[in-house]
Every structure is written in structure tokens, then in C-alpha cells.
Amino acid sequence: KCSSRKFNEHTAQCMLADPGGFCAHPTGQGNCTYSYQSAGEISIDELEGIDSFKKFVADGGWEYNNQTDHGIHMTFWDGISDATACQARLGHAARLFDEKYPEDPTTGGLASPPCDFRAQQFYLFEGPDLR
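In this report, the structure presented in the accompanying data block is examined.

### Observations concerning the packing of aromatic side chains
Under the counting rule described, the total for this entry stands at 6 aromatic pairs. A ring pair is formed by Phe97 and Tyr101, whose centres lie 4.8 Å apart and whose planes are at 40°; its orientation type is tilted. Members of the aromatic cluster, each reached through a chain of ring pairs, are Phe22, Tyr34 and Tyr36.

Below, the structure is given as C-alpha cells:
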């Protein structure tokens, strides 16, 4: 909504004039700003390797404890802020997706879109440099 203005400059008038929204072929007009198509999905249970969440919990499992930076009967989220562990989790998700949808292009074969979002410019706040 109100894509013509920075987040902190949204007004009721702007929200009416520039509501944003899905359309088949984006024009950039206020009511036609994006499109998408489903590429599929993997569940969090698939990602973590849990067959039955109910059983996992009944057996004393805990996905992640932010006090210990570890799970119980689960290692997927251990080192939640560790860059190497995060890369491994992303790689695991990509492999699962590729295995689940073998008829589609592999995630490794897709180019990464450029990221030109600048949080500090958009939100105009003082805090950590998010570039």
C-alpha cells in the first residue's frame, strides 16, 4: 500500500489512491503492483525432519530454546545466528524443495534477484546499519 511514499509518510489519502495489490501483469499503477505464482512449498516439519509433531513433543522434543541456543531431540536450529549453520539450513531447504519438485528448475539454477531495499531509507530510523 502507498508504494509511492516512504513507510512513515503513509496517509489515509495515499492509502486510498495507491492501495497496492496483486494483478496478473503488474503495471505499477496503484492497484496493480505485484504478481506471483506458487512454486510449491515444504512444511516446517519436512524441513526439520519431524514425522509427527505431536509425537515429537510427547517424547520431550523442543525445536529450539533461545536460552541454550539448542533444541531437545532436534539440532536443526542449533546456532540460530551462526552464518555457517544458516547456510546449511538454507542448503537443506533448497535440496528438499528440489527433491519434492523434480520437474521444476532446481533452486541452484535460479538467479538470485537483486536486493536493492534500503531499510534505513525506507523507514528513516536510527539503529544498526542494515545494508
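### A look at unusual backbone geometry
Excluding glycine, residues mostly have negative phi values, and the peptide bonds linking residues are mostly trans. You will see that Asp69, though not glycine, has its phi angle at about 60°, which is positive. Tracing the backbone through its elements, the reader meets Asp69 in the loop between strand E1 (62–65) and strand E2 (70–72). Notably, His73 is not glycine yet its phi reads approximately 60°, a positive angle. Along the chain, His73 turns up in the loop between E2 and helix H4 (83–100).

### Looking at a nonpolar patch on the surface
Where nonpolar side chains cluster on the molecular surface, the patch consists of Phe22, Tyr34 and Tyr36 and spans about 370 Å² of accessible area. Following the sequence through the fold, Tyr34 ends up in the loop between helix H1 (12–17) and helix H2 (44–48). Residue Tyr34 is classed as partly exposed on the basis of its relative accessible area of 41%.

### Observations regarding the pattern of salt bridges
Using the criterion set out here, one finds 2 salt bridges in the structure. Close ionic contact of Asp59 with Lys55 constitutes a salt bridge, the shortest N to O distance being 2.7 Å. Take Asp59: its relative accessible area is 44%, and that puts it in the partly exposed class.

### Some points on the side chain of Arg89
Within the secondary structure layout, Arg89 lies in helix H4. Here Arg89 is buried and forms no salt bridge, its nearest opposite-charge partner Asp82 lying at an N-O distance of 6.6 Å. Within polar-contact distance, the side chain of Arg89 engages the backbone oxygen of Asp78 at 3.1 Å. If we ignore the near neighbours within four places in the chain, the residues touching Arg89 are Phe76, Trp77, Asp78, Gly79, Ile80, Ser81 and Asp82.

Procedures and definitions
- Residues numbered from 1 in each chain as written.
- Predicted model: local features only at pLDDT ≥ 70, side-chain atom pairs only at ≥ 80, totals over all residues.
- Heavy atoms only, no water.
- Phe/Tyr/Trp six-rings, centres within 6.5 Å; stacked < 30°, edge-to-face > 60°.
- Helix = DSSP H or I, 4+ residues; strand = E, 2+ residues; numbered from the N terminus.
- Patch = residues over 30% accessible without salt bridge, like charges linked within 9 Å, V, L, I, M, F, W, Y side chains within 5 Å.
- Areas by Shrake-Rupley, 256 points an atom, 1.4 Å probe, with all protein chains shown as cover.
- Salt bridge = Lys/Arg side-chain N within 4 Å of Asp/Glu carboxyl O.
- Buried < 20%, exposed > 50% of the residue type's maximum accessible area, 1.4 Å probe, protein only.
- Lys, Arg positive; Asp, Glu negative; His and termini not counted.
- Polar contact = N/O pair within 3.5 Å; in protein donor to acceptor, adjacent residues only side chain to side chain.
- Contact = heavy atoms within 4.5 Å.

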